[in-house]
Amino acid sequence: MELDPLLLSRIQFAFVVCFHAIFPVFTIGLASFIAVLEALSLKTGNPLWQRLSKFWIQVFAVVFGMGVVSGIVMSFQFGTNWSNFSYSTANFLGPVLSYEVITAFFLEAAFLGVLLFGRDKVPQGVHLFAAMMVALGTFISSFWILAANSLMHTPDGLVLRDGLYYVVSWRDAIFNPSFGYRFLHMAVASFLTASFVVAGVTAWFIMQKRELAANKKALSISLWLILILAPTQVLIGDFHGLNTLKHQPMKVAAMEGNWETGTGVPLLLFALPDQENQQNHFEIKIPKLASFILTHDWDGEVPGLNEVTPEMQPPVFIVFWAFRVMVAMGMLMALFGLAGLWLRRGDRYLESKPFLNGLRVMSLSPFIAVLSGWIVTETGRAPWLIYEQMTHAQGLTPSLTGGMALFTLIGYVLVYAMVFSAGVFYLMSVFRGGLETANAEQTDSDVEKAQRPISAANANLDGGL
Amino acid sequence: MEQPFDLVIIWAGIIGFSVMMYVLMDGFDLGQGILYPFAPDDHSRDIMMNSVAPVWDGNETWLVMGGAGLLGAFPLVYSVFLPALYIGVFLMLAGLIFRGVAFEFRFKANTTRYIWDWAFAGGSFVATFAQGAVVGAYVQGFATNNFVYVGGPFDWLTPFTVITGLGLVAGYALLGSTWLIMKTEGELQQWAYRVTLRLLVLVLLVFAIISIYTPFVDAGVMERWFHGFSVIWFLPLLALYCAYLIYSSVKKQQEGLPFVATMGLFLFTYLGLLASKWPYLVPPDYTLWDAASAYESQLFLLLGFLFVIPFVLGYIAWSYWIFRGKVKGGYH
């Protein structure tokens, strides 16, 4: 069988980016949560806030380390596998990614050390400032990387001359038409991710009756956040969808599984899209609802996939189902927010076993939602790398062979599998250690230990408590 | 198009500076990994790792900065070097990942510590070798057509690049051993003194081989160095003087000078290399100006760099100040 460097490169990029994405989406929200805990600690003087903060900083340290290591690979992927794309867009992509390095990585590097190791060396206010700067750094980082990504969906502010893009307006290019929606959608997703992980881990502590006073506060905060953020996210997602309808109608057609442009289009709850025959099997639908959601008119016209030739359509099955998984996760999250509110009467949310167990499982839901959301938007752009301007095939490295791409794909899978199974194993031991270990008295030898993010966590890699 | 400033020269300076910073700073901590298997005992390994643990990830930030800066200022380098060095880049990244996590995990692991020792040593060696091979590949030049790499996946792997790869391994080890002279005391320091002399011989040997070999790899280099006396000859002479300084200061058991002189050796060798290839950035066909991005892109990025780089330098100086002085025993 002929190895296809294009397909292998796409699989490799998808693998690396999905693996990478789960770390920052958690740390962006968690950094802000830690900053809030530090602020509450400084304002109220209640030592419980600091107990919580010390534990979650340890979790942050591990996840942040994993994110940095997996992120280095990303920056080289553009050049190794997509050199035509990189070269063509370098006048925009280069400065934007460089700005991410110098504005975000600098802030994070400078203040992470103080956040992790400086609690006893600097005044509490400076420590809080460090926490806020780390949180700010994570946001600046996502600002630049989402500007670069959004441009690939809704290019603006550029002109193409002799195969190279030139920036005409930096403002239009960075704040391109889909950027604001994407940034908000991701920011709220990060907060939701942190909220659900905090809620899930804390629920587990509460079921074990560990550090109840502090953990009750953490659970209460995260449930309030979920109650507000989950419906907000649904709303932002709706606006983002309308923006996509305007700029990338074929992506929306694939999300809806709508093959033919028409009015009064039904919403499909279930279907098996069949791209070969350009139709769906086993449809379960609600009449006219898709038209209403997308046009706010029961008989509004919704574009269908028949507006382009089959080879210009995105892979419908993947986009259709990834979208449904994302929406289902979003609805579940909103339901848990409401359940949390309902159970607040008489503090039942601290007692209800099914609810606490549900929260433990739900700590995985934001990761599933985020990954499927990215699959919707990235796969939905296919076959375009830059929407309606450059295809995946045009962006590929010309000298790349299938064998080379397969070699590095297997290589990255093996390296990541080894490194990250060790990382997850270690994270679990931090969870097992809980607030108790995180707040244990430090021995002399700990003071001398390597000043490194993961070394900030007081647990032993060989497992056990 | 006539512009008020030639930003290309400024950017060449910034990128050249970033690469030099990276080589010097990550060089001595990669050197710890290369020396690791030869260390006298496990306790010494603890000290070696602790001596670079607080600063190594800041050092690697220069690599990220150089990479992103290249895409921003000289995108042709990015889009030719990376496809041409595809396999080598993968090996370097894998090496850096393994040694990076070894810093995190080694001190946590007891029964599995030997795995992370090997990860640290192996990762450092592979990453260094790959970087040295990149330098060799740059001297060799790249097969391009109309700004696109058209060579094969292993064009970069030749006897010449193997020598430059091994040469950089020896060079980083020398940076590492002179760093240890400065940062340690007692038995480990005495070991570092002995190793430094042996490494110096090795480095000079590779230095000689590459100096003789390079003009045969690239006729332009031959032309530049051997047609009439040129002012650039003072660069290798200064490098040799630095080598002498390393020798004499080690003999006198001085602590700081060996490291400083090694940095000088690297600096003058690096400048000599640049003098050989100037103004070609993607040899043999493309100069700095061919490889540059658009004027407005270089300007947009320069404004940010000028504002932020002083802060970065300040932070680095500050963190080295915090961790100044001798590194004493590790912990168990």
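Residues numbered from 1 in each chain as written. Chains lettered and ligands numbered in written order. Predicted model: local features only at pLDDT ≥ 70, side-chain atom pairs only at ≥ 80, totals over all residues. Heavy atoms only, no water.

Trainee: So what's going on with the overall build of chain B? Residues and values would help.
Mentor: Looking only at helices and strands, one finds 13 helices and four strands in chain B. Taken over C-alpha atoms, the radius of gyration comes to 20 Å for chain B, in line with the 20 Å a tight globule of 332 residues would show. Taken over the C-alpha atoms alone, chain B extends approximately 60 × 40 × 40 Å along its principal axes. Considering chain B as a whole, with its 332 residues, one finds that 59% of them fall into the buried category. As presented, chain B carries roughly 13,600 Å² of accessible surface, and 72% of it is formed by carbon and sulfur atoms. A gap of 14 Å separates the mean positions of the 15 positive and 20 negative side-chain charges of chain B. (Helix = DSSP H or I, 4+ residues; strand = E, 2+ residues; numbered from the N terminus. Rg over C-alpha atoms; globule rule 2.2 N^0.38 Å. Buried < 20%, exposed > 50% of the residue type's maximum accessible area, 1.4 Å probe, protein only. Areas by Shrake-Rupley, 256 points an atom, 1.4 Å probe, with all protein chains shown as cover. Lys, Arg positive; Asp, Glu negative; His and termini not counted. Charge placed at Lys NZ, Arg CZ, Asp CG, Glu CD.)

Trainee: I'd like a rundown of the overall build of chain A, residues and numbers included.
Mentor: Along chain A, the regular secondary structure elements total 15 helices and eight strands. Its C-alpha radius of gyration of 23 Å places chain A within 12% of the 23 Å reference for a compact globule of 465 residues. Dimensions of chain A along its principal axes, counting C-alpha atoms only, are 65 × 50 × 45 Å. For chain A, buried positions account for 59% of its 465 residues. Sequence separation of 24 or more characterises 78% of the internal contacts of chain A that already satisfy a separation of 6 or more. Of the accessible surface of chain A, which amounts to about 18,800 Å², a share of 67% is contributed by carbon and sulfur atoms. Mean positive and mean negative side-chain charge positions of chain A (27 and 31 charges, respectively) differ by 12 Å. (Contact = heavy atoms within 4.5 Å.)

Trainee: Could you give an account of the environment of Ser363 of chain A, naming the residues involved and the relevant values?
Mentor: All names here are of chain A. Its place among the elements puts Ser363 in the loop between helix H11 (353-362) and helix H12 (365-379). Overall, the relative accessible area of 14% leaves Ser363 in the buried class. In this structure the C-alpha to C-alpha distance between Ser363 and Gly395, which are 32 residues apart in sequence, comes to 37 Å.

Trainee: I'd like a description of the interface of chain A and chain B, backed by residues and values.
Mentor: Listed per partner, the contact involves 65 residues of chain A and 60 residues of chain B. Interface area for chain A against chain B, summed over the two sides, is near 5,500 Å², with a carbon-plus-sulfur share of 74%. For the pair chain A and chain B, the number of links is zero salt bridges. Run the count over chain A and chain B and you get eight residue pairs in polar contact (both at pLDDT 80 or more). Those elements that provide at least two residues to the side of chain A that touches chain B are helix H2 (47-81), helix H3 (83-117), strand E2 (164-167), helix H5 (170-174), helix H14 (402-438) and helix H15 (444-448) of chain A. Counting residues per element, the side of chain A that touches chain B draws most heavily on H3 of chain A, at 19 residues. Split into classes, the residues belonging to the side of chain A that touches chain B amount to 41 nonpolar, 20 polar and four charged. (Buried area = accessible area lost by both parts, 1.4 Å probe. Salt bridge = Lys/Arg side-chain N within 4 Å of Asp/Glu carboxyl O. Polar contact = N/O pair within 3.5 Å; in protein donor to acceptor, adjacent residues only side chain to side chain. Nonpolar A, V, L, I, M, F, W, Y, C, P; charged D, E, K, R; others polar.)

Trainee: So, the packing of helix H5 (residues 86-105) of chain B against helix H6 (residues 113-140) of chain B: which residues are in play, and what are the values?
Mentor: How two helices sit against one another is set out by the angle between their axes and by the gap between those axes. Residues and elements named next belong to chain B. At their nearest, the axes of H5 and H6 sit 7 Å apart, and the two run at 150° to each other. Note that H5 runs across H6; the crossing there is left-handed. Together, Gly88, Leu91, Met92, Gly95, Leu96, Phe98, Arg99, Val101, Ala102, Phe103 and Phe105 of H5 and Trp116, Ala119, Phe120, Gly123, Ser124, Val126, Ala127, Ala130 and Gln131 of H6 make up the contact between the two elements. Taken together, the residues of the contact of H5 with H6 break down into 14 nonpolar, five polar and one charged. (Axes fitted to C-alpha atoms, helices over the stretch in contact; angles between N-to-C directions. Left-handed = near helix turned anticlockwise from the far one by under 90°.)

Trainee: Describe empty space enclosed by the protein, and please don't skip the residues or the numbers.
Mentor: In this structure the tally under the stated criterion is three cavities of 30 Å³ or more. Put simply, the largest cavity is a space of about 130 Å³. In terms of lining, the largest cavity is formed by 11 residues, of which the most central are Ala109 of chain A together with Gly58, Thr61, Val312 and Ile316 of chain B. Counting residues per element, the ones that place at least two in the lining of the largest cavity are H3 of chain A together with helix H3 (56-73) and helix H13 (295-322) of chain B. Residues that form the lining of the largest cavity fall into these classes: nine nonpolar, two polar and no charged. (1 Å grid on protein atoms, 1.4 Å probe; cavity = no way out; pocket = protein on both sides within 12 Å on 5 of 7 lines; lining within 4 Å. Points joined across faces, edges and corners; volume = space filled by probe spheres on them.)

Trainee: Describe the side chain of Ser18 of chain B, and please don't skip the residues or the numbers.
Mentor: All names here are of chain B. Structurally, the position occupied by Ser18 is in helix H1 (residues 7-35). Exposure remark for Ser18: the relative accessible area of 4% places this residue in the buried category. Setting aside residues up to four positions removed in sequence, Ser18 forms contacts with Trp62, Met65 and Gly66.

Trainee: Got a sec to walk through the side chain of Thr89 of chain A? Specific residues and values, please.
Mentor: Residue and element names in this part refer to chain A. By the element assignment, Thr89 lies in helix H3. Judged by its relative accessible area of 4%, Thr89 falls in the buried class. Residues contacting Thr89, with those up to four places away along its chain left out, are Gly94, Tyr165 and Ile386.

Trainee: Can you break down the pattern of salt bridges residue by residue, with the values?
Mentor: Pairing of side chains with opposite charge becomes possible as their charged atoms draw close. With the rule as written, the count across this model stands at 12 salt bridges over all chains. In this structure, Glu38 of chain A engages Arg119 of chain A in a salt bridge whose closest nitrogen and oxygen atoms are separated by 3.0 Å. On the criterion of sequence distance, the pair formed by Glu38 of chain A in helix H1 (residues 5-44) and Arg119 of chain A in the loop between H3 and helix H4 (124-153) is long-range, its members being 81 residues apart. Of the charged contacts in the structure, one is a salt bridge between Arg99 of chain B and Asp29 of chain B, with a shortest N-O distance of 2.9 Å. With Arg99 of chain B in helix H5 and Asp29 of chain B in helix H1, this residue pair connects regions lying 70 residues apart in the sequence. Judged on exposure class, the residue Arg99 of chain B and its partner Asp29 of chain B are both buried. A cluster of three or more residues bridged by salt bridges with shared partners is formed by Asp42, Arg45, Asp46 and Arg113 of chain B.

Trainee: Let's hear about unusual backbone geometry: which residues, and what values?
Mentor: The amide bond that connects Ala382 of chain A to the next residue, Pro383 of chain A, takes the cis arrangement and shows omega of 0°. Along the chain, Pro383 of chain A falls in the loop between H12 and strand E7 (384-386). Note the cis peptide between Pro283 of chain B and Pro284 of chain B, where omega equals 5°. Here Pro284 of chain B shows up in the loop between strand E3 (280-282) and strand E4 (286-287).

Trainee: So what about the domain arrangement of chain A? Which residues, and what values?
Mentor: Residues and elements named next belong to chain A. The domains assigned to chain A are domain 1 (1-176 + 401-465) and domain 2 (209-388). Distance from the C-alpha centre of domain 1 to the C-alpha centre of domain 2: 25 Å. Counting residues at the interface gives 30 residues for domain 1 and 22 residues for domain 2. For the pairing of domain 1 and domain 2, the buried interface totals around 2,200 Å² over both sides, and the portion due to carbon and sulfur atoms is 71%. By the criterion of area lost to domain 2, the three top residues of domain 1 are Leu48, Met152 and His153, representing 25% of everything that side buries. (Domains from an automatic or database assignment.)

Trainee: So what about the nonpolar core? Which residues, and what values?
Mentor: Residues Leu30, Phe55, Trp56 and Val59 of chain A together with Trp11 and Phe74 of chain B are the most contacted members of the largest nonpolar core, which totals 211 residues. Setting aside anything within four residues of it in sequence, one finds Phe55 of chain A in contact with Val201, Phe205, Val430, Phe431, Gly434, Leu435 and Ala438 of chain A. Counting residues in hydrophobic clusters, the runner-up holds 24 residues, among them Val188, Leu192, Leu219 and Ile226 of chain A. (Core = buried A, V, L, I, M, F, W, Y, C linked by side-chain atoms within 4.5 Å.)

Trainee: Run through H1 of chain A, naming residues and quoting values.
Mentor: Residues and elements named next belong to chain A. The end-to-end C-alpha separation of H1 is 58 Å, in line with the 58 Å expected for 40 residues at 1.5 Å each. The sharpest bend along H1 measures roughly 25° and falls at Ala21, with the proline Pro24 sitting one to four residues further on. Looking at where H1 begins, the residue whose side-chain oxygen comes 3.0 Å from the main-chain nitrogen of Leu6 is Asp4. Where H1 ends, the next residue or the one after it, Gly45, has phi of about 75°, a positive value. (Expected span 1.5 Å × (residues − 1). Bend = angle between axes of the 7 residues up to and from the residue.)

Trainee: Help me get a handle on the packing of aromatic side chains, residues and values and all.
Mentor: Residues and elements named next belong to chain A. Summed over all chains, the structure comprises 47 aromatic pairs over all chains. Note on Phe139 and Phe191: the rings are 5.8 Å apart at their centroids and 50° apart in plane angle, and the pair reads as tilted. Remark: Phe191 occurs in helix H6 (residues 179-207) and Phe139 occurs in helix H4; sequence separation between them is 52 residues. By relative accessible area, Phe191 is classed as partly exposed at 29%. Here Phe143 and Phe179 contribute two aromatic rings whose centre-to-centre distance is 5.2 Å and whose plane-to-plane angle is 85°, an arrangement assigned as edge-to-face. Taken together, the residues Phe143 in helix H4 and Phe179 in helix H6 connect sequence positions 36 residues apart. (Phe/Tyr/Trp six-rings, centres within 6.5 Å; stacked < 30°, edge-to-face > 60°.)

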